[in-house]
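# Descriptive structure summary
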Amino acid sequence: MTRTTVVGFDQVTKRYGDVRAVDGLTLDLHPGQTVALLGPNGAGKSTTLDLLLGLRRPDTGTVRVLGTEPREAVVAGRVGAMLQSGGLMDEVTVAELVRLACALHPRAHPVAEVLARAGLTTIADRRVDKLSGGQAQRVRFALATAGDSDLIVLDEPTTGMDVTARRAFWATMREQADQGRTVLFATHYLEEADAIADRVLVLHRGRLLADGTAAEIKAGAGARRISFDLDAPVDEASLRALPHLTSLTLSDGGSAADAAGSRRTVRIQSADADATVHALYGLGLHPRNLEVAGLGLEQAFVALTAAEEAGQP
Ligand SMILES: Nc1ncnc2c1ncn2[C@@H]1O[C@H](COP(=O)(O)OP(=O)(O)OP(=O)(O)O)[C@@H](O)[C@H]1O
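The rules behind the values
Residues numbered from 1 in each chain as written. Predicted model: local features only at pLDDT ≥ 70, side-chain atom pairs only at ≥ 80, totals over all residues. Near = placed C-beta within 6 Å. Helix = DSSP H or I, 4+ residues; strand = E, 2+ residues; numbered from the N terminus. Nonpolar A, V, L, I, M, F, W, Y, C, P; charged D, E, K, R; others polar. Domains from an automatic or database assignment. Pairing = 2+ DSSP bridges. Axes fitted to C-alpha atoms, helices over the stretch in contact; angles between N-to-C directions. Contact = placed C-beta atoms within 7 Å. pLDDT = per-residue confidence, 0-100. Expected span 1.5 Å × (residues − 1). Buried ≥ 20, exposed ≤ 12 C-beta atoms within 10 Å, placed from the backbone.

For the rest of this paragraph, the subject is the site of the ligand. Looking at the ligand, the residues that line it are Tyr16, Val19, Ala21, Gly39, Asn41, Gly42, Ala43, Gly44, Lys45, Ser46 and Thr47. Within the residue set of the shell around the ligand, elements represented by two or more residues are β2 (19–29) and α1 (45–52). Per element, the largest residue contribution to the shell around the ligand is three residues, and it comes from α1. For the shell around the ligand, a count of residues per class yields four nonpolar, six polar and one charged.

Here we come to the domain arrangement of the protein. You can read the domains of the protein as domain 1 (7–219) and domain 2 (223–294). In this structure, domain 1 and domain 2 have C-alpha centres spaced 43 Å apart.

The mixed open sheet is built from six strands, whose spatial order is β5-β6-β7-β3-β8-β9. The open sheet terminates on both sides in strands that have one partner only, identified here as β5 (79–82) and β9 (207–212). Strand-to-strand twist of the sheet, defined as the mean angle between neighbouring strand axes without regard to direction, takes the value 15°. Direction of pairing for strand β3 (residues 34–38) relative to strand β8 (residues 199–204): parallel, over a ladder of four bridges. Note on β8: the bridge partner recorded for Leu37 is Leu201. The sheet contacts of α1 involve β3, β6 (151–155), β7 (182–186) and β8, and relative to β6 the element is tilted by about 150°.

The pLDDT averaged across the protein works out to 88; a share of 94% of its residues lies at or above 70. Per-residue pLDDT, averaged within each element of the protein, yields its smallest value for helix α10 (residues 256–259) (47) and its largest for strand β4 (residues 60–65) (97). Model confidence for the complex: the whole-complex pTM is 0.80, and ipTM, which rates the interface, is 0.97.

Mapping Val200 onto the fold places it in strand β8. With 43 residues separating them along the chain, Val200 and Pro243 place their C-alpha atoms 30 Å apart. Leave out the neighbours within four places in its chain, and Val200 touches Ala36, Leu38, Ala193, Gly212, Thr213, Ala214 and Ile217.

For helix α5 (residues 133–144), which comprises 12 residues, the first-to-last C-alpha distance of 17 Å matches the rise-based estimate of 16 Å (1.5 Å per residue) to within 8%. For α5, the set of buried residues is Gln137, Arg138, Val139, Arg140, Phe141, Ala142, Leu143 and Ala144.

Most of α1 is tucked away: eight of the eight residues are buried. Among the residues of α1, those classed as buried are Lys45, Ser46, Thr47, Thr48, Leu49, Asp50, Leu51 and Leu52. Two residues or fewer after α1 comes Gly54, characterised by a positive phi angle close to 75°.

Turning next to unusual backbone geometry. Positive phi, normally seen in glycine, also occurs at Gln11, with a value near 50°. Checked against the element boundaries, Gln11 lands in strand β1 (residues 7–16). A tally of 12 C-beta atoms within 10 Å means that Gln11 is categorised as exposed. Despite not being glycine, Leu66 has its phi angle at roughly 50°, a positive value. Within the secondary structure layout, Leu66 lies in the loop between β4 and α2 (70–75). The exposure class of Leu66 is buried, given the 21 C-beta atoms found within 10 Å.

Structure representation (structure tokens):
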């Protein structure tokens, strides 16, 4: 089965002076996908979004959106965007601004529906320059969903939103994806990516470091968490010398015996848990409550990007 390509990057590079913000990026996004774009500060996320919205042009390579130039797709109303720095007009009310966005959209939804979806009905008459940070985010969200777009692009959309607003926001985005739209969002909230995205892209120095479901990314990072308790005093240096260990924390267990310093809880991150545990028993220790678990998305992300940093000058 051939799938429609909503966003296609082919060997795209974008430099700012000496900085390669996007470096040979090749990528296809498909309808109905909810895609999280992750990466440390400066990884190239915003530049990638700017390229696919036609706000910047690649130095080399091609970007296509819904089979056309990005700008064409945007002008045709096929792309809704919520950008980080999107300034809102002063001295207009929420309703006026949303009405304007709907008037400009070739396939607009009714204004009341757009306001309601973004949770703005009760503050529709407020001036946008008097809103709180989270309320202003909701207005940006309303502008991104003013019309029937095929692709919704969100740059750190939930920054400043409270828990309720965040939940409502993601429930709406889920609905949008269920209706066949593609939702692409850049975020630093890895738990959101884990919970919401069915595809996760990890960017690092403008390159794609990982691409898969959150579960695949966690498994692909390879590392595991090992934790156990020790009743006898332990020589920290011998633990630190365990093979494949990437981090170690020692903490007191919290009981009266621990005050004497004998009982410790040990938490290890290892790139090869089997080998580390094998060597642990080789030290003659008697670990209790031993647990080996996979990484969370956040830990996998840190492990992936740290490994990449270590391999680069
Ligand atoms: N207008 C610009 N002029 C010069 N350099 C820029 C410009 N915009 C971005 N850069 C540089 O390009 C690289 C990628 O920046 P970009 O904003 O795309 O990253 P990001 O992943 O969105 O970062 P963040 O998580 O901090 O928002 C960074 O090194 C940044 O300093």
